[in-house]
Amino acid sequence: MKECRGYDAMNYLLTGGGTGGHVYPALAIAEQIRLVDPGASFLYVGVRGRAEEHLVPVTGIPLRRIPAAGLPAASSPLALARFAATEVAGIARAMALLRRWRPDVIVGTGGYVSAPVVLANALLTRCGVSRTPVVLHEQNAVPGRLNRLAGAWATLIASSYPSAVPFFPKGKAVVSGYPVRSKIAEPLSRDEARRELRIEPDRRVVLVFGGSLGSRSLNRGIVGALPALGAVEGLLIIHATGRPGRGGYDPVADTARAAAALPRPPDPNLYRSSDYLDPMSTYLAAADLVVSRAGAGTLNELCAIRRAGLLVPKANLPGDHQVRNALALQAAGAAEVLYERPVRIDETVVEQISPDELAVRITALMNDPGRLAELGDRAGALATPGAARWLATAVVHLAQGRPVEPVPPPVPWPDAGGDTDRFALLPASALLNSIRSRQKNGPPLSPQERSYLAYRTDGYLAASGWEGRNWGVKLAGALCYGARVDIISAFVVERRRHHRAGFALVGLSHAQNGFVRRNALTALAEIGVWNGDVRRAALCALRDCYFEVRSAGVLLVDSMAEFVRGDGEIEDAVLTLTDDPRFEVRAAALAALGVVGQGPDTVSRLTSHFLDANWRVRAAAVKGLTRMLERHLVSRDDLTRVSDAISGLLITSTGFKPLFELKDALASLSRTLRGYDSAEPAV
Amino acid sequence: MLNLLYDLLYEPDGAFSFLRLFNYITSRAMFAALTGLAISILAGQRSILALFKAGFTDRVRDYGVLDISGKRGTPTMGGVMIVVATAVAAFLWCDLSNPFVLISAAALVWFSALGLVDDLQKHRFGDAEKGLRRWPKFLLQTAFGIGLGLILYMPATSPLPPELRSTLQLPFVKAPIVDLGWTSVLVTALIVAFAANAVNFADGLDGLAVVPAFFVAAVYGVFGYVLGNQVYSTYLQFVKIPGAGELAIFCAGLVGASVGFLWFNAYPAEVFMGDAGSLPLGGVLGTLAALLRQEVLFLLAGGVFVAEMASVVLQDWVGLKLLKRRIIYRAPLHHTFQYMGMAETKIAVRFWIVSGLLMVISLISLKVR
């Protein structure tokens, strides 16, 4: 019975799960607690069917399951109601469990299972039946929403990264680093590991793995990259595909299918694959380069074993936390990042990795041993081998009601390079503004920043809502993201597969709405790439039923004039638009005719608008003629015709620009004031 | 209030016999117009300076890149001038025990309070998007409309004759066409909210909102005078509304005050009215329409406002929300003309001409029925 207990032999309740990244830290802490408090008894609270099911029992810690669920990504009432019901059930079960087992301290390592336990404990504390302290560990650079909530009731919050601290109540959170298991904290050397795995010491080893359940994009990407990687001398790729989980994705079969689709079966001397690598720590130690996901656990193992990483963060996770983790390492110069690209295929979003890019990145790194060593060393500098020990001591002290020792000095995380870290917090509109302001005021975007922004743009371009795609095309335009002109052009051209007959009349037969089509064309003009896709989009736009799309199409043709010249089909379409019922389109077409018009009647077509009812159309005709003259395309006959026509231009206009002399003077004063240098002597 | 002097001091042959002028609606209306005009013009320059010093301007952050043809930095909230001048004129020249006057004054106070709060919020956050939220604003406008509708509908409180309490009248049609029953409350609320918002939308160019607004006020002034007058209402076969004549004085004050505001608001504007002007102007016009049971007439006399409102509905609700594309170039309507290259002055004058035309047509509807 528990009535008479000394300082030792406390009850420790561990909770946290879903993925290995949440389970391993809890086990690492437990491992250290056993050293401090040999009589400790543990209970692990997890969810059914997740990583904890096979990770926890092998350690001898009993596992209890409670219902729990993550916050739904979409805020549909039904999903929220289901989430609330699960959460209430989970809290009730957790309360019963806490009353029965009476832990002396609760250790939560995140994942959505720890929230109901912490909440249940908070409720019991409120009722005065429990005073159990709670220690939370946050592994990610940005805490999940449920962990942030749970943080309000925690006694102590330890986080891996300093960037997570501001999300929690002031004074509760400290930076402890990530608790890694002792096996990893004291790793084998590369040679020892290779001897154990029977890999020749002169091979150059790339270890590829996407977590215990596998990663489809990474599996397909690496298999696709094999033909190109065959050219690298001495390369050995060890690939852990992952085991089939409940999600319906069978990594083994999928990888085999991808390999079968290759022109030649992969060379067994280059490529070895298996579903699971055991012990992983030995394989990590044997590798020169690790290509992996950017979960907190993997990253900290990389740091502990001092290996170079090429990180492929999983896209579209809550808070984008893998991307943020990867960015933190990249900023420290401790890893490189390769983004996956979300692509929309038949209304579902699929993440892809370009095999070519993966091959190029791996080849470049493997051919640069200095870079590999630098990445590994920088990663090693971020390791926190004492974190598990400190956390375990803190947990035991809290359980015993003793004060917690001060945290060991935190790892010096360098300031993130450039704005990437700030970009990661921004929604699309603010992202667009910052790109524009950087383009205007400098400094120019760094390659890392560009690749992150491109990743975000890809996400928006594949969004299921039109607003997302709208931001996508705007961002692509601002970034001059030439690699995506195919998608953006398709936005203009695509039609809905099924629509009712009358829809075509109001423009509803297009797959994208008017705003997306218009902004796609504006983006294409900004990107400045001209190819078959763009040409088709331009032609489509010139015949669109929406006037803003027509005029944006004309502006695209206008800005691409050097490529368009001589393209009779486009010139005809622009000519037709000079008689468009909308003045905006007429004006744009006349101005564009000045740069793309080649035909003999271009001049007469332009002068024929000298009596247009709208002066802006007349002004555009004048501009078009000026551009014709500048191109020296006007024949002698035409020249006389132009000078005759000038007197026939209706010169009155209903618009003018006022000039307020006072404002003019003030603006000039302000400019002088800003440029004023008191050091310069007065003349 | 000055009509009390007549009651107190007037004797046919006494020293104060000139006070009989203070008894006639027509003469008091003229005096009210002059009072409103004089106050607006005389107090205008100082008010503008005070508004500027208090910081109620369209913000400019950097004068170095100032758009020298733009309007940034112009003092706003000048609508306070119209409201105060109208209130003083009405206070001096109206019969303050008249329910029509009291209700109109209540509308003036309610909507200018709403507009002031809106403007002050925008000023406090330095952002035109940060005013009152759309729904609270609409609810507060409708709340007044429903209160007004109930007062006019319920026999115990209604200043209207029984045959007008819940009926709908159309311009150019002699008899009320339909008895709406209690739904007349909704019609009242609708016209008040509609008018307030429509004038708000129209307030986008120098002098664009104020001129059509005082044309509509003039129309309702004339209608008030006619409907409250035994002889004219009988002759023109209207249902007489006893006491409505005082509205002619109120309207005259409003017209005078607005013309005085135009003195400063004419292009290039020295002051904008802001929501503190457009909401009370619209709210009062809607209230006048309801008080005289000439709600539909507002759609005719205030056709400019209706067009502005319709353009916004078409563009924002049908276009942006439903079809995800623009339908007209820009909304509200005056921006479409600007986009087409028409100068601001030209658009304003053309809108004035149209609203003048509509005023004439509205006045014709007095006789042609």
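Residues numbered from 1 in each chain as written. Chains lettered and ligands numbered in written order. Predicted model: local features only at pLDDT ≥ 70, side-chain atom pairs only at ≥ 80, totals over all residues.

Take the overall build of chain A next. Secondary structure summary: chain A contains 30 helices and 15 strands in total. With the C-alpha coordinates aligned to their principal axes, the bounding extent of chain A is approximately 110 × 75 × 65 Å. Considering chain A as a whole, with its 683 residues, one finds that 46% of them fall into the buried category. Looking at chain A alone, contacts between residues at least 24 apart form 70% of all its contacts between residues at least 6 apart. (Helix = DSSP H or I, 4+ residues; strand = E, 2+ residues; numbered from the N terminus. Buried ≥ 20, exposed ≤ 12 C-beta atoms within 10 Å, placed from the backbone. Contact = placed C-beta atoms within 7 Å.)

Time to look at the domain arrangement of chain A. Residues and elements named next belong to chain A. Domain parsing of chain A yields domain 1 (11-179 + 387-400) and domain 2 (184-381). Taking only C-alpha atoms into account, the centre of domain 1 sits 30 Å from that of domain 2. On the domain 2 side, the residues contacting the 17 residues of domain 1 number 12 residues. Sorting elements by how many residues they give to the side of domain 1 that touches domain 2 places helix α1 (residues 20-36) first, with three residues. In the side of domain 1 that touches domain 2, the residues fall into seven nonpolar, nine polar and one charged. (Domains from an automatic or database assignment. Nonpolar A, V, L, I, M, F, W, Y, C, P; charged D, E, K, R; others polar.)

Take the interface of chain B and chain A next. Opposite the 16 residues of chain B that make contact, chain A presents 27 residues. Tallied by class, residues from the side of chain B that touches chain A come to nine nonpolar, three polar and four charged.

This next bit is on the pairing of strand β6 (residues 156-159) of chain A. All names here are of chain A. Of the two faces of β6, both are covered, the one formed by Leu 156 and Ala 158 as well as the one formed by Ile 157 and Ser 159. Pairing of strand β5 (residues 134-138) with β6, which is carried by four bridges, proceeds in the parallel orientation. Considered in β6, the bridge of His 137 is made with Ala 158. Once the chain exits β5 it traverses helix α5 (residues 145-151) before rejoining the sheet at β6, and the crossover so formed is right-handed. (Pairing = 2+ DSSP bridges. Right-handed = clockwise from strand over helix to strand, strands pointing away.)

Now for the sheet that holds strand β3 (residues 63-65) of chain A. Residue and element names in this part refer to chain A. One open sheet accounts for seven strands, arranged β3-β2-β1-β4-β5-β6-β7; its pairing is parallel. Edge positions in the open sheet fall to β3 and β7 (173-175), since each of these has one partner strand only. The mean angle between the axes of side-by-side strands here comes to 25 degrees, regardless of whether they run parallel or antiparallel. By the bridge criterion, three bridges tie β6 to β7 in an arrangement that is parallel. Residue pairing for β7: Ser 159 is matched across the bridge by Val 175. (Axes fitted to C-alpha atoms, helices over the stretch in contact; angles between N-to-C directions.)

The next point concerns the nonpolar core. Counting 187 residues, the largest nonpolar core has A:Val135, A:Val206, A:Ile362, A:Val395 and A:Val574 as the members making the most contacts within it. Take this core: its biggest share by element is 11 residues, from helix α26 (residues 583-596) of chain A. Shared between two domains, this core holds at least three residues of each, these being domain 1 (11-179 + 387-400) and domain 2 (184-381) of chain A. Formed by 105 residues, the second largest nonpolar core is a distinct cluster that contains B:Ala209, B:Tyr225, B:Val226 and B:Leu247. (Core = buried A, V, L, I, M, F, W, Y, C linked by C-beta atoms within 7 Å.)

What follows is about unusual backbone geometry. Here the amide bond leading from B:Tyr267 into B:Pro268 is cis, since omega sits at -10 degrees, within 30 degrees of zero. As for its placement among the helices and strands, B:Pro268 is situated in the loop between α9 (246-265) and α10 (275-291). A cis amide bond, omega -10 degrees, links B:Ala331 with the succeeding residue B:Pro332. Tracing the backbone shows B:Pro332 in the loop between α12 (303-323) and α13 (333-339). For A:Arg306, which is not a glycine, the phi torsion comes out positive at approximately 60 degrees. On the secondary structure map, A:Arg306 appears in the loop between α11 (296-305) and β12 (308-311).

Attention now goes to helix α14 (residues 369-381) of chain A. Residues and elements named next belong to chain A. End to end, α14 covers 18 Å across 13 residues, agreeing with the expected 18 Å (1.5 Å per residue, within 8%). If you check which residues of α14 are buried, you get Leu 375, Gly 376 and Ala 379. The buried residues of α14 occupy an angular sector of 95 degrees when the element is viewed end-on, so they sit on one face. If you follow the buried residues of α14, they end up packed against α11 and β12. (Expected span 1.5 Å × (residues − 1). Arc of directions from axis to C-beta.)

Right, let's get into the confidence of the model for chain A. Residues with a pLDDT of 70 or more make up 94% of chain A, whose mean pLDDT is 87. Within the model, the stretch residues 1-6 of chain A combines pLDDT values under 50 with one contact to residues more than four positions away or in other chains. (pLDDT = per-residue confidence, 0-100.)

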